[in-house]
Amino acid sequence: MSFPTQLFINGEFVDGVEGKTIDVFDPHDGSLLATIAEATEADVDRAVAAATAAYPEWKAMAASDRGRLLLKLADAIEANGEELALLETRDTGHPIRDSKGLDLVRTAAQFRYFGGMADKFQGSVVPVDRGFLDYVVREPLGVVGSIVPWNFPMMFVSWKMAPALASGNCVVMKPSELTPLTALRIAQIADEVGFPKGVINVVPGFGPTAGARLVSHPGIAKVSFTGSTPVGRMIASQAAANGIRTHLELGGKGANVVFADATIPKAVGGTAFGIFHNQGQACIAASRLIIHESVVDEFMEKFLALTNSIRVGDPKDPNTEMGPLTSPMHRDRVLSYVEVAKEEGGTILTGGKAPSDPALLNGCYVEPTVVQTVGAVRVNQEEVFGPFMTVQTFSTDEQALQIANSTEFALGGGLWTNDLSRAHRFARDLDAGMVWINSYKRAHPGSPFGGMGASGYGREMGFEAMHEYTEAKAIWVNIDADIPPFYPR
Ligand code: NAD
């Protein structure tokens, strides 16, 4: 398989100034997948300079022409879908059915949606004093720095780039050092479909070097960050000290509430998708099941049977339903929470270890794990970010809400009920940026995505995202106003 392994700066693939490299491993068996160029501070400087030079022309381009390029990119991503999906699978461990499915579909859909949005996002006219026309246009910010994690690397290229580019910004993206391959390949495809040089730059590197430079570079207007809460908070203060605005998509601890009147088979299937899709490595994962005590036995019997039937294995196998976690460090971190759960008095209902299959021994695998817990213990408070779901029971709606809202996070949450009033009441009262009723983890390029509290601020997707990447400019025109002199003489 051939794919780019150098930095993408000013429309060219180049080595880093310091000549450093990063080894990228296949999480299925630990084999070396690629050695790529590592970006350091000087490379970020080069990328920002290229984006700054490209910005005036990109900003001045007709919005419909920018949109057309994004639409072409969406088509080209689909045309190269098989290859991109396999690259994502090898880099991240996502089962190939997911890479070809949700990952690819959502990546193309995001570019297509914002391609269409580019020339439909408009300003306004404000009814001000007679004699004046006051109109407001939305202007791009300039060069946007995007920093993304390793859990959905291909999809996050589209989430960050599509609205920023559609609204006329240039982008310097730093993918995770663990999973840089699809970002580089998409940059190459963007070049092939005709994006001007310097509009898109991709500089894989480490957080404390390349990342830190991006959040303090004077040429950056905004940093859009997706990652952990501690790093997000740190970069927000660094960016603020340099007058750079931020958008933070951080961690989560999704509450998934099943009421006594829920349709249990649907709730079982939705919950399994909510927690186990992508090996649980999702900020919006349904990591806390909060279930009414009267249905817990019926639910768990079905849920554990389903969980134990999930096919864990080589992500390249089309029959595989759960692949490895993305890195050995992360596998160890997830497994360490099994010990925490035990110390806190939790009961492991299933999983809790690496699978015993000898074919998977060198990979980053963890069995789908379900833990019965009580109270505000660490495993109900801290983000595990793996195939690890806790179970808590409740007896009243008030108690369910209290448990659901008992973490510092407020990102995504779900509820399962057939009572219309309860559904809307609970959705209103749940601390979350996104609520799913009788489903879980739905996303669409038009629907705002983001959190509150320790889950960050700002929104990806939809018109909200276009606002994230633009600023209002009010223009006053004196048509026929007769302004009395302020200093009459
Ligand atoms: P992380 O915070 O360790 O790293 C995220 C990115 O930040 C990486 O590219 C990393 O290299 C970079 N980085 C690290 N230190 C930096 C620094 N000092 N300056 C600048 N950049 C730096 O997160 P991760 O482990 O890669 O990803 C998992 C986390 O991402 C989880 O907490 C998850 O919830 C979160 N996440 C949030 C969302 C969301 O939309 N809210 C989506 C996906 C993942």
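Q: Before we go on, may I ask you to explain the environment of F303 in this structure?
A: Of note, F303 is situated in helix α10 (residues 296-309). You can call F303 buried: its relative accessible area is 0%. For F303 and Q392, which are 89 residues apart along the polypeptide, the C-alpha to C-alpha distance reads 14 Å. For F303, the contacting residues outside a window of four places in its chain are V268, T271, A272, I275, F276, V370 and M389.

Q: Just checking my understanding: could you explain the packing of aromatic side chains for this structure?
A: In this description, a pair of aromatic rings is defined by centroid distance and the angle of the planes. With the rule as written, the count across this model stands at 15 aromatic pairs. Between the aromatic rings of W150 and F385, the centroid separation amounts to 5.4 Å while the plane-to-plane angle is 80 degrees, which identifies the pairing as edge-to-face. Placement of the pair is W150 in the loop between β7 (143-147) and α5 (153-166) and F385 in the loop between β15 (369-372) and β16 (388-394), with a sequence separation of 235 residues. Like W150, the residue F385 is buried in the burial classification. Seen from their ring centres, F259 and F426 are 5.2 Å apart, and the 85 degrees between their planes marks the pair as edge-to-face. Pair noted here: F259 is in the loop between β12 (255-258) and α9 (264-276) and F426 is in helix α13 (residues 420-429), with a separation of 167 residues, a long-range link. Accessibility classification places F259 together with F426 in one group, the buried group. An aromatic cluster is present here, built from F152, F156, W159 and F449 joined pairwise through their rings. In this arrangement the basic side chain of K222 is found over the ring face of Y469, its NZ or CZ atom lying 5.8 Å from the centre.

Q: Would you mind going over the site of the ligand with me for this structure?
A: Close to the ligand lie 28 residues, the nearest being V148, E177, S228, L250 and E383. V148 is positioned such that a nitrogen or oxygen atom in its backbone is 2.8 Å from an oxygen atom of the ligand. E177 is positioned with one of its side-chain polar atoms (N or O) 2.8 Å from an oxygen atom of the ligand. Taken by itself the ligand offers 850 Å² of open surface, and the protein chains cover 89% of this. When each cavity is represented as a set of grid points, the ligand is found to reside in the largest pocket. Taken together, the elements giving at least two residues each to the shell around the ligand come down to α7 (207-214), β10 (222-226) and α8 (229-241).

Scoring rules and cut-offs
Residues numbered from 1 in each chain as written. Predicted model: local features only at pLDDT ≥ 70, side-chain atom pairs only at ≥ 80, totals over all residues. Heavy atoms only, no water. Helix = DSSP H or I, 4+ residues; strand = E, 2+ residues; numbered from the N terminus. Buried < 20%, exposed > 50% of the residue type's maximum accessible area, 1.4 Å probe, protein only. Contact = heavy atoms within 4.5 Å. Phe/Tyr/Trp six-rings, centres within 6.5 Å; stacked < 30°, edge-to-face > 60°. Lys NZ or Arg CZ within 6 Å of the ring centre and 35° of its normal. Near = heavy atom within 4 Å. Polar contact = N/O pair within 3.5 Å; in protein donor to acceptor, adjacent residues only side chain to side chain. Areas by Shrake-Rupley, 256 points an atom, 1.4 Å probe, with all protein chains shown as cover. 1 Å grid on protein atoms, 1.4 Å probe; cavity = no way out; pocket = protein on both sides within 12 Å on 5 of 7 lines; lining within 4 Å. Sits in = over half its atoms within 2 Å of the grid points.

The values are spatial; any link to function lies outside them.
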